[in-house]
Amino acid sequence: RQKARKRILTLEQTRHLLAETRKDDKWGIYVAWPFYTGTRIGEQLAILWEDIDFAGNQIHIRRSQNRDGSIEEVTKTEAGNRIIPMCQELREWLL
């Protein structure tokens, strides 16, 4: 059996998607977040406000949520525990 080939968004499609997310103040951030941060779904679900450093423009990835909803105080791999630079657009949205 052959795997289906992944279709990756073009740069223009990504720009259009992110522009559309800005129109939705309630749910847009949930679509835009992985594009701005590159985090895994479990990492996104485990983010707390204390993980966001507005002064340093950084997001600290420290934990992950499991499929059953429980939170692990570690990430999937050792390399998963990291600091992500926060772009100005995401910073403004979160503020």
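We now turn to the structure provided with this report. These numbers were taken from a predicted model, which means no experiment stands behind them.

### Thoughts on the sheet that holds strand β1 (residues 52–53)
In a beta sheet, neighbouring strands are held together by backbone hydrogen bonds and run either parallel or antiparallel to one another.
Part 1: Taken in spatial order, the 3 strands make up an open sheet running β1-β2-β5, and their pairing is antiparallel. With partners counted over all chains shown, the strands left at the sheet margins are β1 and β5 (82–85), one partner each.
Part 2: Pairing geometry for strand β2 (residues 58–61) and β5, over 4 bridges, is antiparallel. Within the sheet, the bridge partner assigned to I59 lies in β5 and is I84.

### Digging into the pairing of β2
Part 1: Relative to β2, β1 runs antiparallel, the two being bridged by 2 bridges. Bridging across to β2, I52 finds its partner in I59.
Part 2: In textbook terms, the turn of a hairpin is the stretch between consecutive antiparallel strands, and for β1 and β2 this stretch comprises 4 residues, one of which, N57, has a positive phi near 55°.

### Topic: helix α2 (residues 28–37)
Part 1: Buried residues of α2: G28, I29, A32, W33, Y36 and T37, and no others. Down the axis of α2, the smallest arc covering the buried residues is 125°, so these residues share one side.
Part 2: Buried residues along α2 sit in contact with α1 (11–21), α3 (41–45), β1, β2, β5 and α4 (88–94).
Part 3: With its phi angle positive at about 75°, G38 sits one or two positions after the end of α2.

Calculation notes
Residues numbered from 1 in each chain as written. Predicted model: local features only at pLDDT ≥ 70, side-chain atom pairs only at ≥ 80, totals over all residues. Heavy atoms only, no water. Pairing = 2+ DSSP bridges. Helix = DSSP H or I, 4+ residues; strand = E, 2+ residues; numbered from the N terminus. Buried < 20%, exposed > 50% of the residue type's maximum accessible area, 1.4 Å probe, protein only. Arc of directions from axis to C-beta. Contact = heavy atoms within 4.5 Å.

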